[in-house]
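Each chain is listed here by its residues.
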Amino acid sequence: MRLYAGVLPPPSVNDELGRAVDALRDLPGYESLRWTGRPGWHLTLAFYGEVPEESVPELTQRLARGAHRSEPFTLALTGSGTFGGRSLWAGVSGDTRALRLLADRAEAAGRRAGLSLREHRRFRPHLSLARNRDSAAASGVDLAPYLDGLADFAGAAWTVRELTLVRSNLPTGGVRGARPRYETVAALPLGAAG
């Protein structure tokens with residue numbers, strides 16, 4: 001199964017961001033971008049890829065330990081950015097140091113569970129919103145107006161209280177516009193509550 005560890009913003013935070021994204025609908029190229037599905041909005045801490053089912057219990061146990069060692073912390077979604085003009089994302093503010101530590105623990109849990117993770121990349125907190133359908137940014141939609149439209153976005157703060165292990169079910173059948181479906185495998189409380 002295809003898994004990742006992440007932080008899921010509460011529905012009220014997603015709704016607030018959704019209203020800001022809806023305000024961008026009249027910008028050039030909106031329909032040409034591949035937008036992420038709002039029910040699946042998340043902050044990815046560690047992407048594990050395809051994980052054998054027999055490895056899931058150990059991974060879950062190791063993630064639970066990392067969550068237990070991390071106290072709850074506060075985040076907010078703010079502003080926006082791009083990765084090379086290929087993807088648009090919402091930024092994260094608040095206790096990003098605690099978020100980075102949790103991401104490190106989630107990555108370490110995967111390695112200790114015997115998963116072969118990709119080369120370690122510096123964690124950059126973000127929530128993916130849209131991607132250019134064409135992988136070459138030069139031939140895709142200009143994301144500058146979207147950056148401007150979200151530059152002043154400042155969402156409500158929330159307290160992160162759990163680390164979530166999520167299964168990503170990729171769409172099948174080549175249906176245009178189909179999005180992955182996400183299901184929670186384990187919700188692991190942070191701090192002593194875990």
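Each remark here, short or long, concerns the structure printed above.
It should be emphasised that the depicted structure is a prediction, and the values quoted were computed from it without experimental measurement.

Structural notes on the pairing of strand E1 (residues 2–7)
Turning to step 1, where the next piece is worked out: Most of E1 is tucked away: five of the six residues are buried.
Turning to step 2, where the next piece is worked out: Bridge count between E1 and strand E3 (residues 43–50): six bridges; the pairing is antiparallel. Counted as the bridge partner of Val7 is Leu43 from E3.
Turning to step 3, where the next piece is worked out: Across four bridges, the pairing between E1 and strand E8 (residues 162–169) is antiparallel. Across the sheet, Tyr4 pairs through a bridge with Val166, a residue of E8.

Structural notes on the nonpolar core
Side chains that are nonpolar tend, in soluble globular proteins, to be buried together.
Turning to step 1, where the next piece is worked out: Counting residues in hydrophobic clusters, the biggest one holds 52 residues, and the most contacted among them are Trp35, Tyr48, Leu63 and Leu129.
Turning to step 2, where the next piece is worked out: At six residues, helix H3 (residues 96–112) tops the list of elements feeding residues into this core.
Turning to step 3, where the next piece is worked out: Sequence-distant contacts of Tyr48, that is, excluding residues within four places in its chain, are made with Leu3, Tyr4, Ala5, Leu59, Leu63, Ala106, Glu107, Gly110, Leu115, Leu117 and Leu165.

Description of the sheet that holds E1
Turning to step 1, where the next piece is worked out: Ordered in space as E3-E1-E8-E9, the four strands form an open sheet in which the pairing is antiparallel. Two strands bound the open sheet, and with one partner strand each, they are E3 and strand E9 (181–189). Direction aside, the axes of adjacent strands within the sheet are offset by 20° on average.
Turning to step 2, where the next piece is worked out: Most of the contacts of helix H2 (residues 56–68) go to E9, to which it runs at about 50°, and overall it touches E1, E3, E8 and E9.

A short note on the packing of aromatic side chains
Turning to step 1, where the next piece is worked out: Under the definition given, this model contains four aromatic pairs.
Turning to step 2, where the next piece is worked out: Consider the rings of Phe83 and Trp89, whose centres lie 5.4 Å apart with planes at 40°: the pair is tilted.
Turning to step 3, where the next piece is worked out: Exposure remark for Trp89: the relative accessible area of 8% places this residue in the buried category.
Turning to step 4, where the next piece is worked out: Put simply, the rings of Tyr30, Trp35 and Tyr146 touch in pairs and so form one group of aromatic residues.

Structural notes on the packing of H2 against H3
Turning to step 1, where the next piece is worked out: Axis separation between H2 and H3 bottoms out at 9 Å; the angle between their running directions is 150°. Between H2 and H3, the crossing angle belongs to the class labelled roughly antiparallel. When you trace H2 past H3, the crossing you get is right-handed. Here Glu58, Leu59, Arg62, Leu63, Gly66 and Ala67 of H2 come into contact with H3, specifically with Leu102, Arg105, Ala106, Ala109, Gly110 and Arg112.
Turning to step 2, where the next piece is worked out: Tallied by class, the residues present in the contact of H2 with H3 amount to six nonpolar, two polar and four charged.

A few points about the environment of Gly140
Turning to step 1, where the next piece is worked out: Mapped onto the elements, Gly140 comes out in the loop between strand E6 (127–132) and helix H4 (144–150).
Turning to step 2, where the next piece is worked out: Owing to a relative accessible area of 27%, Gly140 belongs among the partly exposed residues under this scheme.

Thresholds, definitions, all that
Residues numbered from 1 in each chain as written. Predicted model: local features only at pLDDT ≥ 70, side-chain atom pairs only at ≥ 80, totals over all residues. Heavy atoms only, no water. Buried < 20%, exposed > 50% of the residue type's maximum accessible area, 1.4 Å probe, protein only. Helix = DSSP H or I, 4+ residues; strand = E, 2+ residues; numbered from the N terminus. Pairing = 2+ DSSP bridges. Core = buried A, V, L, I, M, F, W, Y, C linked by side-chain atoms within 4.5 Å. Contact = heavy atoms within 4.5 Å. Axes fitted to C-alpha atoms, helices over the stretch in contact; angles between N-to-C directions. Phe/Tyr/Trp six-rings, centres within 6.5 Å; stacked < 30°, edge-to-face > 60°. Parallel < 35°, antiparallel > 145°, perpendicular 65-115°, else oblique. Left-handed = near helix turned anticlockwise from the far one by under 90°. Nonpolar A, V, L, I, M, F, W, Y, C, P; charged D, E, K, R; others polar.

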